Amino acid sequence: MGEITYQKGKNRINSAILQSAEPISNSAFSVECGVVEFHKLRHRSRVFPQDYYGAGVPLNFLSTLEHYTLQGFRVIGLAYKTMPAKSDFGVDTFTREQVESDLEFLGLLVMENKVKPETKPALQELRNAQIRSIMITGDNLQTALSVAKHSGMILKKSKVIVVEASGPQGSTPAILKFQTQENNVCNGHVTKEISVRMDESLTPTYAANEFCFAMSGKSYQVIVQHFYSMLPKLLLNGVVFARMSPRQKTCLIEEFQKLDYYVGMCGDGANDCGALKMAHVGISLSEEEASVASPFTSKTPNIQCVPKLIKEGRCALVSSFCVFKYIIISNIMGSNCLLLLYWENRLPGNYQFLIQDMAIAFPTYLTITLNRASPELSPYRPLRHLVSLPVVVSTVVNSLCKLMAMICAYIMVRQQPWYSNTDVFSACISENESMLTSQNGTQKEATFGQSFETTSLWVMTNFGCIITAFVVSKGKPFRMSLYTNCEYVICVYYISTV
């Protein structure tokens, strides 16, 4: 007897070469078992009748394989061969072709890997937000389709159309077939032909309600080589891509990006590293190889992190735009204040500048971005470009409104009966007039920055900054309401009282 060892922590084994523990006939056994996932699996056995194609392969191999894959099971084929051991110290290194040739079939290892309970709500939340989800996997196509249906990625009313493509063989050109599949547990697998409308008016919404495409990596490679003009339309409605190699996953992500999609990729294995790196946003569900290639790593091994990351990203983007508009509008207001004061050859005092910057602007900068992300994923999209029409128009309109208010304040203060261009204390009451004169009876001179215009425009600028902070602090649908930002509410209350 021998034993199989595998790397601890990864819970998977690709293939193994077993050597007899006893020196019997100096031979080794090679067992090919594909990729076996040991985590949360339920093993089953299957006894085949003694009718064989040859090399121990039973006649009902394909039907049995299809029976289990249609139910969503992962099926691993087991085979073995006896290979001579050339050394007394151990098994020499063999090439893959030598190990995988002339194998004797042992049986099928049927395993069940149930869909995690967090998967279906996460996919439903993405669908409600009109965010498209597709599956790219290396598993069997029928297994992938079953998982997609159980998780809600494929709607019950949608028809699944399997795209099969074969390359040219001799004088026969490349062939592209479309077949719809209906699953029946009792009668097995039924294949029907269907006509598909592939014109330019086809939209993803139509595809989600009517049909969706599924294909294997082999068919995808043939389509890329011989039917590339059909690829964009197939990708527009594709949902399941099975038996995809790591290179094909990367190529598929790149093709989606050519269609102006912003692609996010979730993966947990080394075969996903290329796709995680190629995608706009890569999320690793493990802390092993995939975490090196992806900018984000989830602490929970499920896709609930995807909606959460989208919410936080949108909240951060909207908060950045809020800070940008606040800085622009407040600086424009400060410039307008200086321009109006330059008209009278005046400037605000140093303490006025200090209070405006440190007591008003700085606390607002720190607290305006502390709004939490909205708990609901909105179907609307935030603005992607900083210099866009909505941002420019809102900034210009807001600045013009503040400028008109400052001009009105400037004019109104000059029309007051107590206004004096030279005597800054002319508005004081008569009881205090004795305090404003020196012992020789002459009037005190106003110091630098002391004037009615300076005081009124400085007050208008500060209140304008407070109002602007309320205006640009957008809440729903991407952030929580403004009153939930306790730090900002306290800051505004403090500024208002000061």
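Residues numbered from 1 in each chain as written. Predicted model: local features only at pLDDT ≥ 70, side-chain atom pairs only at ≥ 80, totals over all residues. Heavy atoms only, no water.

1. Topic: the environment of Thr 64
Here Thr 64 shows up in helix H1 (residues 61-70). Remark: the alpha-carbon pair of Thr 64 and Leu 108, spanning 44 residues in sequence, is separated by 9.3 Å. (Helix = DSSP H or I, 4+ residues; strand = E, 2+ residues; numbered from the N terminus.)

2. A short note on the sheet that holds strand S15 (residues 281-284)
Strand pairs in the sheet, formed through backbone hydrogen bonds, run parallel or antiparallel to each other. Pairing within the open sheet is parallel, and its 3 strands lie in the order S14-S15-S16. A single partner strand is all that each edge strand has here, and the edge strands are strand S14 (264-267) and strand S16 (296-297). Bridge count between S14 and S15: 4 bridges; the pairing is parallel. The residue of S15 that forms the bridge with Gly 267 is Ser 284. Contacting S14, S15 and S16, helix H11 (residues 305-342) runs over the sheet at an angle of about 140 degrees to S15. (Pairing = 2+ DSSP bridges. Contact = heavy atoms within 4.5 Å. Axes fitted to C-alpha atoms, helices over the stretch in contact; angles between N-to-C directions.)

3. Considerations on the pattern of salt bridges
A full pass over the atoms with the stated rule returns 5 salt bridges. Notably, a salt bridge pairs Glu 255 with Lys 258, separated by 3.5 Å at the nearest N-O pair. Residue Glu 255 and its partner Lys 258 are located together in helix H8 (residues 246-258), separated by 3 residues, close to a single helical turn. Under the relative-accessibility criterion, Glu 255 is labelled buried at 8%. (Salt bridge = Lys/Arg side-chain N within 4 Å of Asp/Glu carboxyl O. Buried < 20%, exposed > 50% of the residue type's maximum accessible area, 1.4 Å probe, protein only.)

4. Some words on the side chain of Ser 330
Tracing the backbone through its elements, the reader meets Ser 330 in helix H11. When near neighbours in sequence (up to four residues on either side) are disregarded, Ser 330 contacts Tyr 365 and Cys 465.

5. Section: a nonpolar patch on the surface
A surface patch of nonpolar side chains, amounting to about 650 Å² of accessible area, comprises Tyr 351, Leu 354, Ile 355, Met 358, Phe 362 and Leu 366. Locating Tyr 351 in the fold gives a position in helix H12 (residues 350-367). Here Tyr 351 falls in the exposed class, since its relative accessible area comes to 66%. (Patch = residues over 30% accessible without salt bridge, like charges linked within 9 Å, V, L, I, M, F, W, Y side chains within 5 Å. Areas by Shrake-Rupley, 256 points an atom, 1.4 Å probe, with all protein chains shown as cover.)

6. Side note on the packing of aromatic side chains
Applying the stated criterion to the full structure yields 8 aromatic pairs. Between the aromatic rings of Phe 178 and Phe 213, the centroid separation amounts to 5.8 Å while the plane-to-plane angle is 50 degrees, which identifies the pairing as tilted. Note that Phe 178 is positioned in strand S10 (residues 175-184) and Phe 213 in strand S12 (residues 211-216), a separation of 35 residues in sequence. Note on Phe 241 and Phe 256: the rings are 6.4 Å apart at their centroids and 90 degrees apart in plane angle, and the pair reads as edge-to-face. Here Phe 241 is found in strand S13 (residues 238-242), whereas its partner Phe 256 is found in helix H8, with 15 residues between them in sequence. The exposure class assigned to Phe 241 is buried, which follows from its relative accessible area of 0%. An aromatic cluster of three or more residues is present, and its members are Phe 178, Phe 211 and Phe 213. (Phe/Tyr/Trp six-rings, centres within 6.5 Å; stacked < 30°, edge-to-face > 60°.)

Take it as geometry only, folks, not as evidence of what the structure does.
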